[in-house]
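Spelled out from the first residue to the last, the chains are:
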Amino acid sequence: MSRMRKVGYVLFALAGSLWVVTGCGGGSSGGGGTVPLNNTTNTSTSNESQNETNSTPTQNSSAQNGTQANTSSSNGSTGSSSGGGSQPAGASAFPSIVQQAMTSLGENGFQGADAPTFVPQPAGNGATSYDAHNTQPTSNGPQFLTGYHVDLLTGGQPYASYEVDHFASSSQAATSMSAFARAAHGGLTASGGTGIVLPNNHAAQMATVGNSTVVYWSDSGWNFQVVNENTSVPPTPIVDKLVNALSNASLPSTDGVGRVIVDNQDPSGSDVTVTVIWSQNGNVYEVQTTSSAQSPISSALQMAGSMRPYWS
């Protein structure tokens with residue numbers, strides 16, 4: 001190889017190295033700041049902060065079942081949004097932790113984004129944090145247009161959550177509710193069984209679904225279902241709690257048949273997940289509480305009834 005050709009290769013290699021250093025790779029955006037989080041529904045103050053790039057993984061019904069459409073499009077961080085609207089005049093009605101979560105999401109592509117004015121306290125009154133992220137449909141799930149999911153956490157575990165997914169029409173949202181419900185704990189629909197009478201003299205059915213015992217009934221456009229996982233023992237004490245809680249609750253109106261599902265995964269009744277799903281104005285709403293929340297059954301009903309538009 002000639003001397004001139006060798007010099008030419010060296011100069012070309014140097015130029016390529018300079019281009020890699022100065023012109024490639026782009027910087028990362030934002031990064032790593034922590035946000036102090038607290039829940040002011042009561043007056044407890046959180047000492048726990050959540051890092052935007054290393055947040056606690058979220059846990060919701062769709063993620064646990066792995067088949068549903070309301071999957072987070074983010075990596076579970078509480079990243080901020082450049083969107084956002086003006087808060088309604090009653091913004092102070094929303095708990096502090098909800099205000100922080102909704103601000104991090106912005107308007108998320110549609111007006112009328114909702115949030116609860118009530119959220120429960122964790123059962124142990126521990127420090128709280130949140131995880132808020134956008135949702136997107138999967139190829140085999142309901143094809144909503146846009147949505148968001150908010151987990152409220154204590155000790156890194158969800159004690160409550162809420163999700164709103166927006167569809168192209170009210171009818172599409174109403175017919176999609178059953179798919180969301182199937183992904184929830186205890187969400188498989190029961191049928192048949194033996195007739196029983198509830199404490200309020202309402203008729204219900206008791207059936208077996210797989211290895212679980214289910215009590216279910218319908219009333220005023222809602223289907224109610226209480227599940228004792230992996231046992232033939234009827235979930236009678238939990239049914240009584242739900243019936244009593246419903247007598248003091250005001251559930252939202254729904255365009256389709258709403259679902260309230262109480263799933264007990266422990267014979268002692270200490271591992272309960274409560275899910276409320278309904279549709280309204282083209283949105284599917286899902287509210288959930290766990291045994292990590294105070295009074296999870298009544299709290300879920302109250303949380304669902306408190307949903308209202310956050311952005312004006």
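The preceding data block contains the structure.
Residues numbered from 1 in each chain as written. Predicted model: local features only at pLDDT ≥ 70, side-chain atom pairs only at ≥ 80, totals over all residues. Heavy atoms only, no water.

Concerning the packing of helix α5 (residues 236–247) against helix α6 (residues 296–305)
- The geometry of α5 relative to α6 is characterised by a closest axis approach of 9 Å and an angle of 35° between their N-to-C directions. Between α5 and α6 the crossing geometry is right-handed. Of the residues in α6, those in contact with I238, K241, L242, A245 and L246 of α5 are I297, S298 and L301.
- Taken together, the residues that form the contact of α5 with α6 break down as six nonpolar, one polar and one charged. (Axes fitted to C-alpha atoms, helices over the stretch in contact; angles between N-to-C directions. Helix = DSSP H or I, 4+ residues; strand = E, 2+ residues; numbered from the N terminus. Left-handed = near helix turned anticlockwise from the far one by under 90°. Contact = heavy atoms within 4.5 Å. Nonpolar A, V, L, I, M, F, W, Y, C, P; charged D, E, K, R; others polar.)

Comments concerning helix α3 (residues 96–105)
- Within α3, eight of the ten residues are buried, leaving the element largely enclosed by the surrounding structure.
- Within α3 the residues assigned to the buried category are S96, I97, V98, Q100, A101, M102, S104 and L105.
- Where α3 terminates, the next one or two residues include G106, which has phi positive at roughly 70°. (Buried < 20%, exposed > 50% of the residue type's maximum accessible area, 1.4 Å probe, protein only.)

A look at unusual backbone geometry
- Located in the positive-phi region is N201, a residue other than glycine, with phi close to 70°.
- Taking the relative accessible area as the measure of exposure, N201 reaches 67% and is therefore exposed.
- Its identity as a non-glycine residue notwithstanding, N281 has a phi of 55°, on the positive side.
- Looking at where N281 falls in the secondary structure, it is placed in the loop between β13 (272–280) and β14 (283–290).
- N281 gets classed as exposed once you look at its relative accessible area, which sits at 58%.

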